[in-house]
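Observations on the three-dimensional arrangement
Spelled out, the chains give:
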Amino acid sequence: KPSDPAMTGKTQTSNVTNKNDPKSINSRVFIGNLNTAIVKKGDIEAIFAKYGKIVGCSVHKGYAFVQYMSERHARAAVAGENARIIAGQPL
């Protein structure tokens, strides 16, 4: 059916990244010093998707959160992207 995200090539990630259960907290990545005037949700998802399945992504003024399926993916993302320069600013 055409509304299936797998058919349209669009991934559906939730905007919810604020669950407080320990598993969610440990698999969430805070991305600070983000130039949100330039960098959008789709950009963040594209950068961080290589570390694992993203189940949520929320973008705020100057920062964002990415919620992964597992803590292992979150740790890999932090290790891989910390201090990377995006839109002229180190994360």
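What this report covers is the structure whose coordinates are included nearby. Computed from a predicted model, the values in this text were never measured in an experiment.

Another point: the pattern of salt bridges. Evaluated as defined, the whole model comprises four salt bridges. In this structure, the salt-bridge partner of Arg84 is Glu81, at a minimum N-O distance of 2.9 Å. For Arg84, a relative accessible area of 33% translates into the label partly exposed. A relative accessible area of 3% means that Glu81 is categorised as buried.

It is worth spelling out unusual backbone geometry at this point. Even without glycine at this site, Ala83 takes up a positive phi of about 75°. For Ala83, the position within the fold is in the loop between helix H4 (71-81) and strand S4 (85-86). According to the relative accessible area criterion, Ala83 is partly exposed, its value standing at 46%.

Looking now at the sheet that holds strand S1 (residues 28-31). Strand order across the open sheet formed by three strands is S1-S3-S2, with antiparallel pairing between neighbours. Each edge of the open sheet carries a strand with a single partner, namely S1 and strand S2 (54-60). Recorded for the sheet is a direction-independent mean angle of 10° between the axes of neighbouring strands. Note: S2 against strand S3 (residues 63-68), six bridges, orientation antiparallel. The residue bridging Cys57 from the neighbouring strand is Val66, located in S3. Most of the contacts of helix H3 (residues 41-48) go to S2, to which it runs at about 135°, and overall it touches S1, S2 and S3. H4 rests against S1 and S3 of the sheet, and its axis sits at about 25° to S1.

A separate point is H4. Among the residues making up H4, those that are buried are His73, Ala74, Ala77 and Glu81. Projected onto a plane normal to the axis of H4, the buried residues spread over an arc of 100° and lie on a single side. Seen from the buried face of H4, the exposed residues on the opposite side, beyond 90 degrees, are Arg72, Arg75 and Ala79. On the buried face of H4, the contacting elements are helix H2 (22-26), S1, H3 and S3. One or two residues past the end of H4 sits Ala83, with phi positive at roughly 75°.

Criteria and cut-off values
Residues numbered from 1 in each chain as written. Predicted model: local features only at pLDDT ≥ 70, side-chain atom pairs only at ≥ 80, totals over all residues. Heavy atoms only, no water. Salt bridge = Lys/Arg side-chain N within 4 Å of Asp/Glu carboxyl O. Buried < 20%, exposed > 50% of the residue type's maximum accessible area, 1.4 Å probe, protein only. Helix = DSSP H or I, 4+ residues; strand = E, 2+ residues; numbered from the N terminus. Pairing = 2+ DSSP bridges. Axes fitted to C-alpha atoms, helices over the stretch in contact; angles between N-to-C directions. Contact = heavy atoms within 4.5 Å. Arc of directions from axis to C-beta.

Nothing here speaks to function; it is geometry throughout.
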